[in-house]
Amino acid sequence: MTDLYRTVRLIRRFEERAIEFVRSGEIVGGIHPYVGQEGIAAGVCAALGPDDVITSTHRGHGHVLARGANPARMLAELMGRESGLNKGRGGSMHAADFSLGILGANAIVGAAGSIATGAAWAARQQGRDTVAATFFGDGAMNEGMLLEAFNLAALWQVPVVFVCENNGYATTMPVASAIAGSITDRARAFGIPAFTVDGQDPEKVLEATSTAVARARAGKGPTFLECVTYRFDAHHTFEHRTRLSYRSTEEITTGRSRCPVEIQGARLTAADRAAVDAEVESLLEAAAGIALGSAHPDPAAALSYLYAGEI
Amino acid sequence: MPKLSYLKALNRALSDELERDSAVFVLGEDIRAAASNVTAGLHARFGDDRVLDTPLSEQAFTNFATGAALMGMRPVIEFQIPSLLFLVFEQIANQAHKFSLMTGGQCKVPVTYVVPGSGSRTGWAGQHSDHPYSLFAHVGVKTVVPATPADAYGLLVTAIRDDDPVVFFAPAPALGVREDVDFAALAPVPLGVGRVARAGDDVTVVALGHLLHDALAVADELAGRISVEVFDPRTVYPLDVAGLVASVQKTGRLVVIDDSNRTSGFAAEVLAVVAENCTLTAPPHRVTRPNGAVLPFALALDRAVQPGRDQLLAALLEMS
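Rules used in this analysis
Residues numbered from 1 in each chain as written. Chains lettered and ligands numbered in written order. Predicted model: local features only at pLDDT ≥ 70, side-chain atom pairs only at ≥ 80, totals over all residues. Heavy atoms only, no water. Helix = DSSP H or I, 4+ residues; strand = E, 2+ residues; numbered from the N terminus. Rg over C-alpha atoms; globule rule 2.2 N^0.38 Å. Buried < 20%, exposed > 50% of the residue type's maximum accessible area, 1.4 Å probe, protein only. Contact = heavy atoms within 4.5 Å. Areas by Shrake-Rupley, 256 points an atom, 1.4 Å probe, with all protein chains shown as cover. Lys, Arg positive; Asp, Glu negative; His and termini not counted. Charge placed at Lys NZ, Arg CZ, Asp CG, Glu CD. Pairing = 2+ DSSP bridges. Axes fitted to C-alpha atoms, helices over the stretch in contact; angles between N-to-C directions. UniProt positions renumbered as here; feature names shortened; annotations may be inferred. Right-handed = clockwise from strand over helix to strand, strands pointing away. Parallel < 35°, antiparallel > 145°, perpendicular 65-115°, else oblique. Left-handed = near helix turned anticlockwise from the far one by under 90°. Nonpolar A, V, L, I, M, F, W, Y, C, P; charged D, E, K, R; others polar. Phe/Tyr/Trp six-rings, centres within 6.5 Å; stacked < 30°, edge-to-face > 60°. Lys NZ or Arg CZ within 6 Å of the ring centre and 35° of its normal.

(A) Layout of the overall build of chain A. In terms of regular secondary structure, chain A is built from 13 helices and eight strands. In terms of overall dimensions, chain A is globule-like: its C-alpha atoms have a radius of gyration of 19 Å, near the 19 Å expected for 311 residues. Principal axes of the C-alpha set define a box for chain A whose edges measure 55 × 50 × 40 Å. Within chain A, the proportion of its 311 residues that are buried is 59%. Of the contacts made within chain A by residues no fewer than 6 positions apart, 74% connect residues no fewer than 24 positions apart. Counting only carbon and sulfur atoms, one obtains 55% of the accessible surface of chain A, whose full area is about 11,700 Å². With 28 positive and 34 negative side-chain charges, chain A shows a separation of 1 Å between the mean positions of the two kinds.

(B) Just the sheet that holds strand β4 (residues 74-78) of chain B, in detail. Residues and elements named next belong to chain B. The strand order across the open sheet built from seven strands is β3-β2-β4-β5-β7-β6-β12, with neighbouring strands paired in mixed fashion. Edge positions in the sheet fall to β3 (51-53) and β12 (235-237), since each of these pairs with one other strand and no more. Across the sheet, the axes of successive neighbouring strands diverge by a mean angle of 20 degrees, strand direction being ignored. Bridge analysis of strand β6 (residues 142-144) against strand β7 (residues 166-171) gives three bridges, and the strand direction is parallel. Bridge pairing links Val 144 to Phe 168 in β7. The sheet contacts of helix α1 (residues 6-20) involve β2 (24-28), β4 and β7, and relative to β7 the element is tilted by about 150 degrees.

(C) Region of interest: the UniProt feature "domain: Dehydrogenase E1 component" (unreviewed entry) in chain A. As recorded in UniProt, the sites labelled "domain: Dehydrogenase E1 component" (unreviewed entry) are residues 8-272 of chain A. Across residues 8-272 of chain A one finds 43% helix and 14% strand; the C-alpha atoms that close the span lie 15 Å apart.

(D) Representation of the pairing of β7(B) in the model. Residue and element names in this part refer to chain B. In terms of residue burial, β7 counts as a mostly covered element, since six of its six residues are buried. Taking every second residue as pointing to the same face, both faces of β7 are buried, with Val 166, Phe 168 and Ala 170 on one and Val 167, Phe 169 and Pro 171 on the other. Where strand β5 (residues 112-118) and β7 come together, six bridges link them in parallel fashion. Opposite Pro 116, over in β7, you have Ala 170 as the bridge partner. After leaving β6, the chain enters helix α8 (residues 149-161) and then returns to the sheet as β7, a path that is right-handed.

(E) Broad picture of the packing of helix α1 (residues 2-24) of chain A against helix α2 (residues 38-46) of chain A. All names here are of chain A. Taken N-terminus to C-terminus, the directions of α1 and α2 make an angle of 135 degrees; their axes are 9 Å apart at the nearest point. Judged on the interaxial angle alone, α2 and α1 are oblique. Read as a crossing pair, α1 and α2 show a hand that is right-handed. Across the interface between the two elements, Leu 4, Thr 7, Val 8, Ile 11 and Arg 12 from α1 touch Glu 38, Gly 39, Ala 41, Ala 42, Gly 43 and Ala 46 from α2. Across the contact of α1 with α2, the residue classes tally to six nonpolar, three polar and two charged.

(F) Quick peek at the packing of aromatic side chains. Taken as a whole and assessed by the stated rule, the structure comprises 16 aromatic pairs over all chains. Ring geometry for A:Trp156 versus B:Phe64: centroids 5.3 Å apart, planes at 65 degrees, classification edge-to-face. Of this pair, A:Trp156 sits in the loop between α6 (144-155) and β4 (160-166) while B:Phe64 sits in helix α3 (residues 58-70), on two different chains. The pair A:Trp156 / B:Phe64 is uniform in exposure class, with both members buried. Within the aromatic cluster, the residues linked to one another by ring pairs are A:Phe136, A:Phe150, A:Phe162, A:Phe190 and A:Phe224. Positioned above the aromatic ring of A:Tyr169, the side-chain terminus of A:Arg247 is 5.9 Å from the ring centre.

If you want it as structure tokens, here you go:
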């Protein structure tokens, strides 16, 4: 209970600080804030074991933090520093930490589902007990390669959990204007059990994911979870300047009224909650100091790591 | 010595690597039945898990291979049709190729993409007859176009063992090429190392894949009149710049025969590299498909847009 709260609070405060760093110019290129969707990353990752793997998205900071990545190295990555998770070569949309089974965040929304399916299949071939959890948004449900991945995963009973974060919008396009039929019915068409989950409640997400992970480990194949959520902030921080109008003030107010941090926080005593909050603040304060103090990469090494070795 | 065909060389390389390394597996369409013959016998020998028949989901199974590679496997994908590479260009150029740099070197993506029957297959028309190796070179994906059975064997083995993605083009007109080989001498061929296929003094002809055989035939025809050196780069990217430059510095003349469309094609790159590094005694010449060509169906039209011996011969005679 406390762990889930710590995770959602950490992600929320990390994102709020990251937005400040975008405004101050320490983070170049902006970010896609995960604010409002923290319950999904926290619940899903809490259901995974050490040998499991995840793939993430352009709105991926929450997944990476929930999986246990070092916040200082994550923040340093957003700032393009050499001490970042990816040595400053990936940035906000590509954070990865292979030591934790984080196989990378992907900026092509429908791409990672098939990568995760291949990873989980390979782990099974290697005799490992690995389950892959792959995050994507409602927008990705319209990229064909993701639907192809559902087919492969179901056909070969691959131990993968498809986590669709339905935040209502693909950038500015509402789900109702983009998706014919229903999201879960698309998964069911491939014979994949599909469930709609309250993505604002980390405990509900944890419960649903635990069932899906157990099913995958038992050799019964993929599960699809549609986690219904709401993006509290912009699609991308560029919206803070351009003020796109595609959501009404009323809708945003209603959407924000179910906050995963508050929902989970209400399950703690005031004292426990305050203690976690203080712990998170000090962790992030230290992380910011480390990230800001980290070296920038040498431009002479701009194409380091392009290949596995010299060519 | 026994004869080895190009097609059989591919089969032998796959078989040897499947045998040698349990991380290697082959996936693709109709590969258990071996529709293209490249995987003949492999399913019976290595089983379902090592020879994986896929549905027609090219984008997903190309990414699937990337995911498997991230976990330590060495997938080899067979694409029956060269134009499928357009369908999966994102998955190769934007996914597999970029993981190493974007993760700061945390991972490797050793996937090999084999296209047996690239280029024109004669009569297969617009959407089955492309030869897009220049595209992969442009984005920096390692790309090979072997000409001979021994090179096909050696470069496929190397591609599979390489820790990066490699696209392997096996031109349709080369698949039937046979040569005498000592099987014990078959060995890996390094990427980025070309070969002088025929030594000469007057002009360098650069030729890849099936066109190497055309270049050698033309060189034979001109013997006694023009001394033609034929250089086979074997790898399109990374290009053997040193080998190319050494040859052209010796001859002072250059003709490139290349089955790419002309604009921004491989031949253009060869001319640029030579211009930067050599002093030519005559303007260089390219024999290529025309700008922006789409291969038409009718046989005479198909042939009309492909580079061939007559054009190469004319270019060499004009230059001499």
